[in-house]
Amino acid sequence: MKIQDKIKWRTYLLGGLFTVLLFVIIGRMFWLQNIGSAELLVKARKTWEKSNVINPKRGEIIDRNGQQLAYTGKAYTVIARIAPYENDKKNKDYVQDKQETAAKLAPILGMTSSDILSKLDKKAEQVELRPGGWKIPKEKADQIKALKLPGISLYEETRRYYPYGVFASSVLGYTNLDGQAQMGIELSQDEQLRGEKGSFTFKKDGRGNQLPDGLESYKPAIDGNQITLTLDHSIQSYIEDALNQAASQYKMKGIAAIVADPNTGEILGMGSRPSFNPNAPVGIENYRNLMVGTNFEPGSTFKIATLAAAIEEGVFNPNELYMSGTYNKIKGSKEIRDHNGGQGWGMISFKEGVKHSSNVAFVILGYERLKQERLFNYLQKFGFGEKTGIDLPGEERGLFNVNRHYYARDIASISFGQGVGVTAIQQVAAVGAVANGGKLMKPYVIKEIRDSKTGAIVVQKKPQMVRRVVSENTASQVRDLLDAVVNEKNGTGQPFALPGYHVAGKTGTAQVSRNGRYVPGKYINSFIGFAPKDNPKLLIYVLVDEPDIETPSAGGKIIAAPVFKSIMERSLQYMKLSPDKTAPVVTVQDETAIMPQLVGTSVSQGKGVATQAGLKVEMLGNGAKVVAQYPEASAELTKGSIVYALTTKTGVSLPNLTGKTLRDVMEIGTLLNLNVTGVTGEGYVTSQSIPPGTVVKPGDKLAVTLTPKSSVPPVVPETEKKAGAKDKSTAN
């Protein structure tokens, strides 16, 4: 090929290549300007723009008097530089002696040296020393600064602080170190407290520095609102002190207390044990507030609702007499016994029945006279079976449903607080209605919510009446009766009396139920009371869950009473409510006694234990050890009552049954394996077919005659008769 032809073809080839390249460039420019421009703009902005989030400050929580209970403050995270600086070999500010660094930091951070070493040995430029070094308070940060350890620095952050530790923690709840609300007010009011995040965007150079006038956009953060609670710091501290004292002195599954203003529904204090420190919330087994999120069988405190309903409906006469002890009018059902083993107190008035907390009295009032429809209607009106609406998370509605089918025995049991589930806050609201004159008030813990910056009120809570439950006259009568329970002889609430103050209230003892069955020896003890009786300012509810004491059924007077009295007395004094000087100061003696466990003890030990409990024991038989007893252990009796202990199954002398109830006769007959065949009359034993002191055999037939109490002569135990005869012969 000629040279000219070669030059010609090369020219064509180069021209073609340049033409193709030109079309590629034109196509690329078209794509950049019309198709990929948005994507590229985003990438470009990432290069010369920077956007940051502005975190808001979480609102603080204060008590009704402005005392700070929760706030957000400075915190510091410990960072360890563990790799040398590649571009600055002279910079020695990195961890050089890992062993020494770990050893010095471990006690401050609450971590082991090995845990810290494992982090310092990581292949990274720097690490955060979590969990112990994550968001630590200034006190710890200052300790670390003082060590002047190479490579250890502190990164400033924020976290939530609770200045009083466990104080009201079940109400406050907490936020974790990630800022997430977990329980209590922190959780239920998270939207109000957390605020809104802000942001800003600015232009930067290649090194990331903001350019002059480079601010593109700015949206300020909005801090969270301030929440004022109805809690009173002083009253809450009285609760904490009393609970701490009880928890240190006795073993129990749990204990809790609520203080409320019955006139408004405001919760002035609420606490429980076990508890937790929201600054370091570890070991929390149950995230529910015991007072609002747990259903339990109330026992006799529930009788207040039955009593109020009976008075309102005109079926209660305080002076009317009834036979206490047992109730056996429900066909096909076991008899219902009074709490003293079915012994009762004979023919007594209904007022005395209230004071003694007689189950039989309340079965007559609730099951027999009010009947299911009226009884359940009042229980509904008192708020049982529905949530109170308190502004705390996790509230339960209780285990009572009027639409459910209940058997006759169930209805009778409900009338005295058995076979029904309630929450503590339901009890507080219901009894508050009696205290304030008959109005069911909605309980609440949030008083108001304010804008953190301006102080403007965002939300303001006011007392809210749900409905009227009973008349003022009925409420007044119930208060008088509850006053007698605490301040008169034979009242079960005597251990809760406060000299100079008219405290009115009711005790409660309920067996713990699991899997549909009652657990022997496991009880929930409680007391709910208010003062002053005629113009109540405070209502206090104390609950003791499964006390591990010698007599668990007596947990009310042993554990709950000191807690109640301490909180009530200190709170009344704090509120400057002086003792009622017009009322006589009466020192009330506790007349109740708990039947001890005698089975297995020697005769002398059994006598000593019974005497120590304030009871008179009659030993039946000539054995060395007690093999059976009546009443059973834990039965509540009146001091001075006669109890029986069997020491042998054969060769036993029949005791004097004069003055005993039919229930006593049947139990003693069972104890001695006798056949009680003939029963004449009603009331108390005046004669028996087998004379006292006669040795009886299993299967012997026994008949008794009963008459009303007025004609029954006093009975003296055989052991006392023998002792008296001996003293008389000695004197002669």
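Parameters and conventions
- Residues numbered from 1 in each chain as written.
- Predicted model: local features only at pLDDT ≥ 70, side-chain atom pairs only at ≥ 80, totals over all residues.
- Heavy atoms only, no water.
- Helix = DSSP H or I, 4+ residues; strand = E, 2+ residues; numbered from the N terminus.
- Contact = heavy atoms within 4.5 Å.
- Areas by Shrake-Rupley, 256 points an atom, 1.4 Å probe, with all protein chains shown as cover.
- Axes fitted to C-alpha atoms, helices over the stretch in contact; angles between N-to-C directions.
- Parallel < 35°, antiparallel > 145°, perpendicular 65-115°, else oblique.
- Left-handed = near helix turned anticlockwise from the far one by under 90°.
- Core = buried A, V, L, I, M, F, W, Y, C linked by side-chain atoms within 4.5 Å.
- Buried < 20%, exposed > 50% of the residue type's maximum accessible area, 1.4 Å probe, protein only.
- Phe/Tyr/Trp six-rings, centres within 6.5 Å; stacked < 30°, edge-to-face > 60°.
- Lys NZ or Arg CZ within 6 Å of the ring centre and 35° of its normal.
- Patch = residues over 30% accessible without salt bridge, like charges linked within 9 Å, V, L, I, M, F, W, Y side chains within 5 Å.
- Salt bridge = Lys/Arg side-chain N within 4 Å of Asp/Glu carboxyl O.
- Pairing = 2+ DSSP bridges.
- Polar contact = N/O pair within 3.5 Å; in protein donor to acceptor, adjacent residues only side chain to side chain.
- Expected span 1.5 Å × (residues − 1).
- pLDDT = per-residue confidence, 0-100.

K.L.:
Just give me the short version of the overall build of the chain, but keep the residues and values in it.
P.N.:
Each helix and strand counted, the chain has 20 helices and 31 strands in total. When contacts within the chain are restricted to residue pairs at least 6 apart in sequence, long-range pairs at least 24 apart make up 70% of them. With an accessible surface of roughly 36,200 Å², the chain has 51% of that area assigned to carbon and sulfur atoms.

K.L.:
Just give me the short version of the packing of helix H11 (residues 303-312) against helix H16 (residues 472-487), but keep the residues and values in it.
P.N.:
The description of two helices packed together rests on the angle between their axes and the distance between the axes. Look at H11 against H16: their axes get within 9 Å of each other, and the N-to-C directions meet at 130°. The orientation of H11 with respect to H16, classified from their angle, is oblique. By crossing handedness, the relation of H11 to H16 is classed as right-handed. Taken together, the residues of H16 that come into contact with H11 (itself represented by Ile304, Leu307, Ala308, Ile311 and Glu312) are Thr474, Gln477, Val478, Leu481 and Leu482.

K.L.:
Explain the nonpolar core residue by residue, including any values.
P.N.:
Ranked by size, the top nonpolar core spans 94 residues in total, and within it Ile185, Leu229, Ile267, Phe316, Leu379, Phe382 and Phe384 carry the most contacts. In terms of residue count, helix H13 (residues 359-381) provides more of this core than any other element does, 11 residues in total. With residues near it in sequence (within four places) discarded, Phe382 still touches Ala305, Ala308, Ala430, Ala433, Val434, Leu440, Val469 and Val470. Residues Ala246, Val259, Leu268 and Phe564 belong to the second largest nonpolar core, which totals 31 residues.

K.L.:
How would you sum up the packing of aromatic side chains? Please name residues and give values.
P.N.:
Taken as a whole, this structure holds 14 aromatic pairs when the rule is applied. Between Tyr174 and Phe276 the ring centres are 5.8 Å apart and the planes differ by 65°, which places this aromatic pair in the edge-to-face class. Within this pair, whereas Tyr174 is found in the loop between helix H6 (169-172) and helix H7 (184-188), its partner Phe276 is found in the loop between strand S10 (267-273) and helix H10 (290-293), the two being separated by 102 residues in sequence. Relative accessible area serves as the criterion here: at 5%, Tyr174 is assigned to the buried category. Each residue in the set Phe316, Tyr322 and Phe350 is aromatic and connected to the rest through ring pairs, giving one cluster. The ring of Trp134 has Arg130 lying over it, and the distance from NZ or CZ to the ring centre is 3.8 Å. Over the aromatic face of Tyr161 sits the side chain of Arg159, whose NZ or CZ is 4.9 Å from the ring centroid.

K.L.:
Report on a nonpolar patch on the surface, specifying residues and quantitative values.
P.N.:
Among the surface-exposed residues, Leu13, Leu14, Leu17, Phe18, Leu21 and Ile25 lie close enough to one another that they form a single nonpolar patch of about 630 Å² accessible area. Mapped onto the fold, Leu17 is located in helix H1 (residues 3-34).

K.L.:
Please give an account of the sheet that holds strand S19 (residues 504-514) that cites residues and values.
P.N.:
Reading across from one edge, S10-S9-S21-S20-S19 is the order of the five strands in this open sheet, with antiparallel pairing throughout. The two strands at the open ends of the sheet, each matched to only one other strand, are S10 and S19. The average undirected angle you get between the axes of adjacent strands in this sheet is 10°. Alignment of strand S20 (residues 517-531) against strand S21 (residues 538-547), held across eight bridges, turns out to be antiparallel. Paired with Phe530 across the strands is Leu539, a residue of S21. Lying over the sheet, helix H15 (residues 424-435) contacts strand S9 (252-260), S10, S20 and S21, oriented at roughly 145° with respect to S21.

K.L.:
Which residues make up the pairing of strand S31 (residues 701-707), and what values do they have?
P.N.:
Only one face of S31 is covered, namely the face carrying Leu702, Val704 and Leu706; the face carrying Lys701, Ala703, Thr705 and Thr707 is uncovered. Pairing analysis gives four bridges linking strand S29 (residues 684-688) to S31, with the strands arranged antiparallel. In the sheet register, Ser687 faces S31, and the bridge partner there is Thr705.

K.L.:
Requested: an account of the pattern of salt bridges, with residues and values cited.
P.N.:
According to the stated counting rule, one finds 29 salt bridges in the structure shown. Note that Lys355 is salt-bridged to Glu488, the shortest N-O span being 3.2 Å. Linking Lys355 in helix H12 (residues 350-356) with Glu488 in the loop between H16 and S19, this pair joins segments that are 133 residues apart in sequence. Residue classification places Lys355 among the buried residues on the basis of a relative accessible area of 5%. A residue is classified by how much of its surface remains accessible, and Glu488, at 29% relative accessible area, is partly exposed. With a closest N to O distance of 2.7 Å, Lys533 and Asp480 form a salt bridge. Highlighted residues: Lys533 in the loop between S20 and S21 and Asp480 in helix H16, separated in sequence by 53 residues. Of the residues examined, Asp480 reaches a relative accessible area of 39% and is grouped as partly exposed.

K.L.:
Which residues make up the environment of Tyr250, and what are the values?
P.N.:
By the secondary structure assignment, Tyr250 is in the loop between helix H9 (233-249) and S9. You can call Tyr250 partly exposed: its relative accessible area is 23%. Distance from Tyr250 to Ile559, taken between C-alpha atoms, is 7.7 Å for residues 309 residues apart in sequence. What Tyr250 contacts, discounting residues up to four positions off in sequence, is Ile549, Ile558 and Ile559.

K.L.:
Lay out the side chain of Ser415 with the relevant residues and their values.
P.N.:
Structurally, Ser415 is set in the loop between helix H14 (408-414) and H15. Residue class for Ser415 comes out buried when judged on its relative accessible area of 0%. There is a polar contact of 3.3 Å between the side chain of Ser415 and the backbone oxygen of Phe362.

K.L.:
Explain unusual backbone geometry to me, and be specific about the residues and the numbers.
P.N.:
Residue Pro274 is reached from Arg273 by a cis peptide bond, and omega for that bond is 5°. Structurally, Pro274 is set in the loop between S10 and H10. The linkage connecting Tyr630 with the following residue, Pro631, adopts the cis geometry, with an omega of 0°. Along the chain, the position of Pro631 falls in the loop between strand S24 (628-630) and strand S25 (636-638). For Lys148, which is not glycine, the phi torsion reads 50° and is therefore positive. Looking at the secondary structure, you find Lys148 in the loop between helix H5 (138-147) and strand S5 (152-161).

K.L.:
Lay out H9 in plain terms, naming residues and giving numbers.
P.N.:
The end-to-end C-alpha distance of H9, which contains 17 residues, comes to 24 Å, matching closely the 24 Å that a straight helix rising 1.5 Å per residue would cover. Among the residues of H9, His233, Ile235, Gln236, Ser237, Tyr238, Ile239, Glu240, Ala242, Leu243 and Ala246 are the ones counted as buried. Those residues of H9 that are buried are in contact with strand S3 (68-81), S9, S10, S21 and helix H17 (555-574). Two or three places before Ser234, at the start of H9, stands the capping residue Asp232, its side-chain oxygen 2.9 Å from that residue's backbone nitrogen.

K.L.:
Quick rundown of the confidence of the model for the chain? Include the residues and the values.
P.N.:
Summarising the model, the chain shows a mean pLDDT of 85, and 86% of its residues fall at 70 or more. Ignoring residues within four places in sequence, the model shows residues 710-732, a span with pLDDT below 50, making 21 contacts including any to other chains.

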